[in-house]
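# A structural walkthrough
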Amino acid sequence: MTATELARRLGDPWDTANPAGHTAVLAADERGEPFGAGEQILDAIGLNAEFVPADLGGRLARLDDLIRVMRQVFRRDPALGLGYGASSLIAAVNVWTAGDGRQRRRAADLLLGGGRIAAGYHELAHGNDFAGSALSAYAGPDGRRRLDGRKEVIANAARAEALVLFARTSASPGSRSHSQLLVERADLPAAGCRDLPRFLTSGMRGVLLGGLAFRDCPVPADAVLGEPGRGIETALRSFQITRTALPAMAVGVLEAGLDATARFTDARVLYGRPLGDMPLIRSVLADAYADLLICDCLGLVAARSAHLVPDQMSLYASAVKYFVATLLTDAMYELSRVLGAQFYIRDGEYGIFQKLLRDLPPAGFGHAARAACLGTVLPQLPRLARRAWRAGDVPPVETYRLGGSLPPLSFDRLTVTSGGRDGHSAALTLALDAPDVPAEVRRLLHIVAVEFDALVRECAALPPGDLSVDARPEALDLPARYAAVLAATACVNVWLHNRDRGGEFLADPRWVVAALRRIVIRLRRDPGPRSRDQDRVLAAEALARHHRNSGFGLSDER
Amino acid sequence: MNGSESDPLEPGLGHWLRERVAHYAQREPAEIDPSANLTSYGLDSVYALSLCGDIEDRLGLVLEPTVAWDHPTIEALAAHVEGMLTDARRPQDAG
């Protein structure tokens, strides 16, 4: 299944007669139901196979391919993307990382048969402090483990055939006291396991959020994934894949938002001329489009890094989750200002926009909150700062070559820290010295490099109290700035390594100038006066992509 | 292994680790009990990972990043790291 084929099956979103178009998506959202016509299409193409590694009979071979396919789903209906698919992926990566042969086979068969696996991590009382999880799975008098406690706000809790549950398996303090358990609903006695009422939400209304309450509920002896006590490590490793992939999939939401806004600016005539001809409107479109390209670069580079430099993903995955979620949310808000009252209206031609706007926030707090992601990166920064941060080994150039070949994805090479390595930052230095770089690109890169040097000094001087949850807000700004530097590195290297092979738009340095300007602003530095020409080029490209009903990313392919 | 700054088998390793733990816990080294679990000083999983990085950088070793999760006292951690150093030093043909 290619992304192009899926986009074709989903059809024209603007056709009100399309059973999978915006009108139908909105109707399902109003009813608070999963989008049935969308689920049927995904069933028909066997979407779940995208989440199953190829060696287990699925189609998961490359993370960038998975993202491209899922982005189509998120572009049509984010609730479908999360509720039908990504929630099973979040659960499954635990099995692919820590499960034994039998558990992997079982999870693969379940998904390939069209089933779902719910990710049972969240407890409302503990939020992102998953080590604080209270659900326990201690051995009972007969030696079998028994579940006691609850899991809440779990996608598909009631309809999933299986669950991955994160539970305390030892009362000892420290980081070896939790485990994941893969349990099938059919194996849980009804007396020990009760469904909680559905949680109602402001967005993602088509996702069936439920929960489970367990009481002295026995589980099969072979339920624990891997060696008992490895749960925190398994979560930190396997979620590097989903922290990378989910925000990159959610770029589809901004694509749909940009598509709707471009349509609106094209159709609306104010003061005798199309809205899209006003410099202010053009600048908003251009900025949102530049933000989308930044997210695309960072997401794709991180996805390719998972194959090529998996040992460094503990840095990149969390930085991507933070930065991409932030850019997407802010860009959608800016676009909403262009639509004016239309963004607030729940039906009609542009009703889809308010739904997209409501559906997007979980990208920022779902799975792992942005602050938790910054907290994963922050304690690694002082060590990087003590070593030769910008002089390390750069990642292979294939990391930046879109669509280029990749070695297989190895879950067993993901580790909880990067061990003081960060190749992408070294690639920033290399880009500064690259030949044939336009002066404007170099000037903006230089601002980023100066900012990075300041960051290195501040990280080296970080007091020990700032490494944990007691960190000062100023300390948490360091990984946020680091993420911005990483985004700049990704953008400039994607441009450098694809300018002779990626088509006319990708070769034009104006998009990378626009992207770097946006990043420099995020770093709270002045990028200099904006160019009308650049706004015109980017806004015109956004309109052209809308007219062609194509993708809004680095490539116009779907 | 390479690049060690001092002879790691001297009693210095435990002493140095105690100083690092005191640094992270923001206490005096004398207040740190080498047989106590690191968590008793408020050092969570994150500090344990940082401690591992410190050991790697000081001794030029490559360790599992989670080494201090599996050996959560100064004594246990020092014994484990010293064991690794001894193994690394043993002539390869002696096994």
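Calculation notes
Residues numbered from 1 in each chain as written. Chains lettered and ligands numbered in written order. Predicted model: local features only at pLDDT ≥ 70, side-chain atom pairs only at ≥ 80, totals over all residues. Helix = DSSP H or I, 4+ residues; strand = E, 2+ residues; numbered from the N terminus. Rg over C-alpha atoms; globule rule 2.2 N^0.38 Å. Contact = placed C-beta atoms within 7 Å. Axes fitted to C-alpha atoms, helices over the stretch in contact; angles between N-to-C directions. Parallel < 35°, antiparallel > 145°, perpendicular 65-115°, else oblique. Left-handed = near helix turned anticlockwise from the far one by under 90°. Nonpolar A, V, L, I, M, F, W, Y, C, P; charged D, E, K, R; others polar. Domains from an automatic or database assignment. Core = buried A, V, L, I, M, F, W, Y, C linked by C-beta atoms within 7 Å. Buried ≥ 20, exposed ≤ 12 C-beta atoms within 10 Å, placed from the backbone. Pairing = 2+ DSSP bridges.

It is worth spelling out the overall build of chain A at this point. Summing up its helical and strand segments, chain A has 19 helices and nine strands in all. Taken against the 2.2 N^0.38 rule, which gives 24 Å for 558 residues, the C-alpha radius of gyration of chain A at 23 Å falls within 12% of a compact globule. By its C-alpha atoms, chain A is 75 × 60 × 40 Å across when sized along the principal axes. Looking at chain A alone, contacts between residues at least 24 apart form 78% of all its contacts between residues at least 6 apart.

What follows concerns the packing of helix H7 (residues 231–267) of chain A against helix H8 (residues 279–308) of chain A. All names here are of chain A. Relative to each other, H7 and H8 sit at 160°, their axes nearing to 9 Å. Taken together, H7 and H8 sit at an angle that is classed as roughly antiparallel. Like other packed secondary-structure pairs, H7 and H8 cross with a definite hand, here left-handed. Two secondary-structure elements touch here, H7 through Ile 241, Thr 244, Ala 245, Pro 247, Ala 248, Val 251, Leu 254, Glu 255, Leu 258, Thr 261, Ala 262 and Thr 265 and H8 through Ile 281, Leu 285, Ala 288, Tyr 289, Leu 292, Cys 295, Asp 296, Gly 299, Leu 300, Ala 302, Ala 303 and Ala 306. Among the residues forming the contact of H7 with H8, the class breakdown is 18 nonpolar, four polar and two charged.

Residue and element names in this part refer to chain A. Contact pair H8 / helix H18 (residues 509–522): the axes reach a minimum separation of 9 Å and the direction vectors enclose 90°. As far as their axial angle goes, H18 and H8 are roughly perpendicular. On the side of H8, the interface is formed by Ala 286, Asp 287, Ala 290, Asp 291, Leu 293 and Ile 294, while H18 contributes Trp 511, Ala 514, Ala 515, Arg 518 and Ile 519. Classifying every residue of the contact of H8 with H18 by side-chain character gives eight nonpolar, no polar and three charged.

A few words on the interface of chain B and chain A. How large an interface is tends to be reported as the accessible area lost when its parts come together. In this complex, chain B contributes 18 residues to the contact, which on the side of chain A involves 18 residues. Every element with two or more residues in the side of chain B that touches chain A is listed here: helix H1 (12–25), helix H2 (45–59) and helix H3 (67–70) of chain B. For the side of chain B that touches chain A, the leading source of residues is H2(B), giving seven residues. The residue inventory of the side of chain B that touches chain A, partitioned by class, reads eight nonpolar, eight polar and two charged.

Below, the discussion takes up the domain arrangement of chain A. Residue and element names in this part refer to chain A. Structurally, chain A comprises domain 1 (3–116), domain 2 (118–227) and domain 3 (234–548). Listed as interface residues are 24 residues of domain 1 and, on the opposing side, 18 residues of domain 2. Those elements that place two or more of their residues in the side of domain 1 that touches domain 2 are helix H2 (22–31), helix H5 (78–98) and helix H6 (101–112). At 11 residues, the largest contribution of residues to the side of domain 1 that touches domain 2 is made by H5. When grouped by side-chain class, the residues that make up the side of domain 1 that touches domain 2 number 13 nonpolar, seven polar and four charged.

The next subject is the nonpolar core. Of all hydrophobic cores here, the largest spans 213 residues; its most connected members are Leu298(A), Leu328(A), Cys491(A) and Leu516(A). Excluding residues within four positions of it along the chain, Cys491(A) makes contact with Ile294(A), Cys297(A), Val512(A), Ala515(A) and Leu516(A).

Across residues other than glycine, the phi torsion is negative in most instances, and most of the peptide bonds are trans. Residue and element names in this part refer to chain A. In this model, Val 153 sits at a positive phi of 55°, which is unusual for a non-glycine residue. If you trace the backbone, Val 153 turns up in strand E3 (residues 145–155). Judged by the 17 C-beta atoms lying within 10 Å of it, Val 153 is partly exposed.

Residue and element names in this part refer to chain A. On the secondary structure map, Ala 427 appears in helix H14 (residues 423–432). Between the C-alpha atoms of Ala 427 and Asn 493, which are 66 residues apart in sequence, the distance is 7.6 Å. Not counting residues up to four positions away in its chain, the partners in contact with Ala 427 are Val 394, Pro 395, Thr 489 and Asn 493.

All right, on to the pairing of strand E7 (residues 209–218) of chain A then. Residues and elements named next belong to chain A. Taken together, the eight bridges between E3 and E7 define a ladder with antiparallel strand orientation. Across the sheet, the residue bridging to Glu 152 is Gly 211, located in E7. Taken together, the four bridges between strand E6 (residues 193–196) and E7 define a ladder with antiparallel strand orientation. For Asp 195, the partnering residue across the bridge sits in E7 and is Leu 212.

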